Amino acid sequence: MEIDFTHKQSAHCENGVVSNLMHHHGIPVSEPMVFGIGSGLLFCYIPLLKVNHAPAITYRAMPGMIFKRFAKRVGITFKRTKFRNPKSAQEQLDANLANNNPVGLQVGVYHLSYFPEEYRFHFNAHNLVVYGKEGNTYLVSDPVMEHVTTLTAEELERVRFAKGAFAPKGQMYYPIALPERVDLEPAILKGIKHTCRDMLAPVPYVGVKGIKTIAKLVRSWPKKKGSKRAKHYLGQIVRMQEEIGTGGGGFRYIYAAFLQEAATLLNKPEWHEMSKEMTQIGDLWRDFALQASRVYKDRSNLAAGGEYETLAQQLETIADKEKAFFKKLKKTVA
Amino acid sequence: MKKDEVPQDKSSLESSNYKELTYAVNEEGEYTTELSSGWEPKTIALNNALEEIEERIAAAKEAVQAGEMSPIYYYMEKNKMDFSILASYVGIWKWRVKRHCKPNVFKKLSEKTLQKYAEVFQITIAELKKTD
């Protein structure tokens, strides 16, 4: 049994699943639109927490938040079910498929057999859509993959019941109530306001101030942590910024695409200019990654104090630009 | 980033034929998407991280062979886990998992407990007990 479902690759899984499910239900919204309305853009440093033995930094909102905000702002009700028992998780999935209803699932990446081995870490907030079942095999639309793929029932159970932080607990979701008429304008304005608030938050770990904090840390790493760990940490920042799902430049390009689309949709010419500015900020992030990679390219213990200073200054420049940017953006939605 | 600047560097992901989606602007300044086969700064960061893991696995192996740690510790690192992740997979408290990594405690573990670990690591109990 196969549901007629259109798979479209996206940069990020959460935006992609929402966008693909919405298309299926007759509400065509693009990935950037979902990301912008859901206020996905962020910068956040989480002190004390370590990911892969390095500081935890994120360029986006917490997993699930984009989804939640988008649904609320556009007026869509999702049904979300968690399971304790893998057997009932499978039964309910099958029942939905028999009902011609494609569903979104939260899964862990580590046991995802079709994923490149190099990307299989214990990350549990991945999303995909199941749109059919043939024999013992599920038909899977994973938005970060170019084409649709499949998982056996056993494989699917394993990823649905992955353990650790953000354990998916078999989580399954699908829309149950859609608005009669979709008005994106208030949703877009709310999304932008929220992002401006986040990025300009008066907290040293969030938004523009978070970037400044990281700049300070980068400056201190070679002396405080030694060359080897400093390089490992730098590599981790670049991975968070560029690896699967960010669309390049730590989500800044997706955000620029959102502003451009919103400018046309709501006839706000000033957002076209702001989109261009955001693209330039994205380019600065890419520059930073490139410079950082020159430092961590060689893993040996050669000291490189001066280079860290340059990197810290690059981050500070970006922070200043983003500060000016979001202050300006805030005025356009006031 | 311009569309024609989207990097198409060689990466370790080529073998799995994986390309990811990036956002870029075309000649008219409009946003569009383009697939990227890889970007060197990223590939290096990923490879470094993988090397780091390999080093941790190698160190764990040595610790097991030297009789300082039980094989559970080695398989934990091999599966890119830490104590918290392993504890939640086997359903045993973290402090007990840590104890099970001591060779003396490991020797006294029941078949039932060993089976739990073996299942999580997707190996047999015999493999789990091997220390070489």
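What comes next is a walk through the structure. Treat the numbers as computed from the prediction; the structure is a model and nothing was measured.

Quick notes on the rules
Residues numbered from 1 in each chain as written. Chains lettered and ligands numbered in written order. Predicted model: local features only at pLDDT ≥ 70, side-chain atom pairs only at ≥ 80, totals over all residues. Heavy atoms only, no water. Contact = heavy atoms within 4.5 Å. Buried area = accessible area lost by both parts, 1.4 Å probe. Salt bridge = Lys/Arg side-chain N within 4 Å of Asp/Glu carboxyl O. Helix = DSSP H or I, 4+ residues; strand = E, 2+ residues; numbered from the N terminus. Nonpolar A, V, L, I, M, F, W, Y, C, P; charged D, E, K, R; others polar. Buried < 20%, exposed > 50% of the residue type's maximum accessible area, 1.4 Å probe, protein only. Lys, Arg positive; Asp, Glu negative; His and termini not counted. Polar contact = N/O pair within 3.5 Å; in protein donor to acceptor, adjacent residues only side chain to side chain. Arc of directions from axis to C-beta.

**What about the interface of chain A and chain B?**
Logical step 1: Of the residues lining the interface, 47 residues belong to chain A; the matching set on chain B comes to 39 residues.
Logical step 2: At the boundary of chain A with chain B, total buried surface from both sides reaches about 3900 Å², with 57% on carbon and sulfur atoms.
Logical step 3: Inspection of the region where chain A meets chain B yields two salt bridges.
Logical step 4: As a salt-bridge pair, B:Glu40 and A:Lys297 come within 3.9 Å of each other at their nearest N and O atoms.
Logical step 5: For the side of chain A that touches chain B, the secondary structure elements donating two or more residues are helix H2 (31-37), helix H7 (207-242), helix H8 (252-265) and helix H9 (269-296) of chain A.
Logical step 6: For the side of chain A that touches chain B, the element with the most residues is H9(A), which contributes eight residues.
Logical step 7: Grouping the constituent residues of the side of chain A that touches chain B by class yields 18 nonpolar, 14 polar and 15 charged.

**Here's the deal with the side chain of A:Asp142**
Residue and element names in this part refer to chain A.
Logical step 1: The residue aspartate 142 is located in the loop between strand E6 (137-141) and strand E7 (149-152) in this model.
Logical step 2: Although aspartate 142 lies buried, it forms no salt bridge, and the closest oppositely charged side chain, arginine 120, sits 11 Å away as judged by the N-O distance.
Logical step 3: At 2.8 Å, the side chain of aspartate 142 forms a polar contact with the side chain of histidine 126.
Logical step 4: When neighbours within four sequence positions are excluded, aspartate 142 is seen to be in contact with His7, Leu112, Tyr114, Phe115, His126, Asn127 and Leu128.

**A look at helix H3 (residues 65-74) of chain A**
Residue and element names in this part refer to chain A.
Logical step 1: The buried count for H3 comes to seven of 10 residues, which makes it a mostly enclosed element.
Logical step 2: Residues of H3 that are buried: Ile66, Phe67, Arg69, Phe70, Ala71, Arg73 and Val74.
Logical step 3: Phi for glycine 75, located one or two positions after H3, is positive at around 90°.

**Concerning helix H5 (residues 153-160) of chain A**
Residues and elements named next belong to chain A.
Logical step 1: Listing the buried residues of H5 in full gives Ala153, Leu156, Val159 and Arg160. Mapping the buried residues of H5 onto a view down its axis gives an arc of 130°, with all of them on the same face.
Logical step 2: Looking at the packing, one finds that the buried side of H5 touches helix H4 (86-98), strand E4 (103-107), strand E5 (126-134), E6, E7 and strand E8 (172-177).

**Quick notes on unusual backbone geometry**
Residue and element names in this part refer to chain A.
Logical step 1: Despite not being glycine, leucine 48 shows a phi value in the positive range, around 75°.
Logical step 2: The topology assignment puts leucine 48 in strand E1 (residues 41-51).
Logical step 3: With relative accessibility at 86%, the residue leucine 48 sits in the exposed group.
Logical step 4: A positive phi angle, near 70°, is found at phenylalanine 251, a position not held by glycine.
Logical step 5: With respect to the helices, strands and loops of the structure, phenylalanine 251 is situated in the loop between H7 and H8.
Logical step 6: Phenylalanine 251 gets classed as buried once you look at its relative accessible area, which sits at 2%.

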